[in-house]
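Results of the structural survey
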Amino acid sequence: ATPMSVMVGVGRGAKEGVLIKNAEVLEVMEKVDTIVVDKTGTLTQGRPAVTAVETFGKWSEDDVLILAASVEAQSEHPLADAVVRRAKADDLPIHEATDFKSITGGGVQAHVDDHTILIGKTDLLQQHNVAEVDAGLNAAKNHQTEGATVVFVSIDDQLAAILAITDPIKESTPNALQTLHELGLKVIMLTGDAEPTAKAVATKLGIDEFHAGVSPEDKHAFVRKLKNDGKIVAMCGDGINDAPALAEANVGIAMGTGTGVAIESAGVTLVGGDLRGVAAAGNLSRKTMSNIR
Ligand code: ADP
Ligand code: MG
């Protein structure tokens, strides 16, 4: 590519909120045939709110929220933020948490008030032999089929509550997906979230292929497999969990609203996290390359 056309492309992109870090993007983007998208923070706003708390056993809703928020106050995950905001809205205190541990794509763990708290997805609690997880599964279904993410909270290895957390779909998402489909591109959603939640969101958005319960390593492996099958892949994501896949894709596209690690791993950043920038990047690439040819 001649530097001049590339510079023009990069400049036009910036005006449209498409920040191109890696000039190769302008060469490759027009050839992309498969778009892989993360759910949380990419299709959805990434500003979720706790919409229901269901307790199990001896713990009150307030107790659960205090302990859970005290752990989540240490986490940078958007779900963590929702839990902390809910506790604050309910005028509940945040206590000191020690031995905090984050399991990327799984959940978080810490000690609070002499209790061991574990918060996250079902598999994680099952791996830690938490009792009564099954009781939460049925209750979770009702929220998940509505598109809510359900987070399980255990206190001292016993299920204490489930939290339903709703993250609205970005206003720009349906339009962005429609354009990508009209361009004949295949859109595949990958998420670490549970199957029923993923299905509800994918159905609502008309995404025909999705995979749920996908770990950060699996996201990476999935993108690699598509490439090995001859696909030219753009991966869109916002989280630490998306970083390996963003780096692996032919074009990595990070949401400007996402974490620094995702942005560093990508060749493109969409300011404001507007997915319509994906089609815009494709257009810029076509224009740039036709100027060169
Ligand atoms: P996504 O792929 O949708 O962006 P992640 O891979 O970040 O999601 O997370 C997958 C799942 O792990 C979440 O749906 C949640 O159940 C659990 N999880 C991750 N981080 C946290 C956290 N800080 N608190 C509670 N649950 C978490
Ligand atoms: Mg995400």
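How each quantity is defined
Residues numbered from 1 in each chain as written. Chains lettered and ligands numbered in written order. Predicted model: local features only at pLDDT ≥ 70, side-chain atom pairs only at ≥ 80, totals over all residues. Axes fitted to C-alpha atoms, helices over the stretch in contact; angles between N-to-C directions. Helix = DSSP H or I, 4+ residues; strand = E, 2+ residues; numbered from the N terminus. Contact = placed C-beta atoms within 7 Å. Pairing = 2+ DSSP bridges. Domains from an automatic or database assignment. Nonpolar A, V, L, I, M, F, W, Y, C, P; charged D, E, K, R; others polar. Buried ≥ 20, exposed ≤ 12 C-beta atoms within 10 Å, placed from the backbone. Right-handed = clockwise from strand over helix to strand, strands pointing away.

The next thing to look at is the packing of helix H8 (residues 173–182) against helix H13 (residues 276–292). It is at 7 Å that the axes of H8 and H13 come closest, and there the two elements cross at 35 degrees. Contact residues: Asn-175, Ala-176, Thr-179 and Leu-180 in H8; Arg-276, Val-278 and Ala-279 in H13.

Strand order in the open sheet formed by 7 strands is S1-S13-S12-S11-S2-S9-S10, with mixed pairing between adjacent strands. A strand with exactly one partner marks an edge of an open sheet, and here the two such strands are strand S1 (18–20) and strand S10 (209–211). Strand-to-strand, the axes of this sheet are offset by a mean angle of 20 degrees, without reference to chain direction. Here H13 sits on the sheet and contacts S1, strand S2 (34–38), strand S11 (233–237), strand S12 (251–255) and strand S13 (268–270); the angle it forms with S1, its principal contact strand, is near 50 degrees.

Here the chain is partitioned into domain 1 (3–45 + 169–292) and domain 2 (49–166). On a C-alpha basis, the centroid separation for the pair domain 1 and domain 2 is 30 Å. Mapped onto the side of domain 1 that touches domain 2, the elements with two or more residues apiece are helix H3 (39–43) and helix H9 (195–205). Looking at the side of domain 1 that touches domain 2, the element that brings in the most residues is H9, giving 5 residues. Taken together, the residues that form the side of domain 1 that touches domain 2 break down as 6 nonpolar, 7 polar and 2 charged.

Of all the 5 residues making up strand S9 (residues 186–190), 4 are buried; the element is thus mostly covered by neighbouring parts of the structure. Sheet topology note: the S2/S9 ladder contains 5 bridges and is parallel. Counted as the bridge partner of Asp-38 is Leu-190 from S9. Sheet analysis places S9 next to S10, joined by 3 bridges and oriented parallel. Within the sheet, the bridge partner assigned to Leu-190 lies in S10 and is His-211. One crossover worth recording links S9 to the parallel S10 by way of H9, and it is right-handed.

The next subject is the environment of Ser-285. Assignment of secondary structure puts Ser-285 in helix H13. Taking the C-alpha atoms as reference, Ser-285 lies 9.1 Å from Val-6; in sequence the two are 279 residues apart. Dropping the residues within four chain positions of it, Ser-285 is found in contact with Leu-26, Glu-27, Met-29 and Glu-30.

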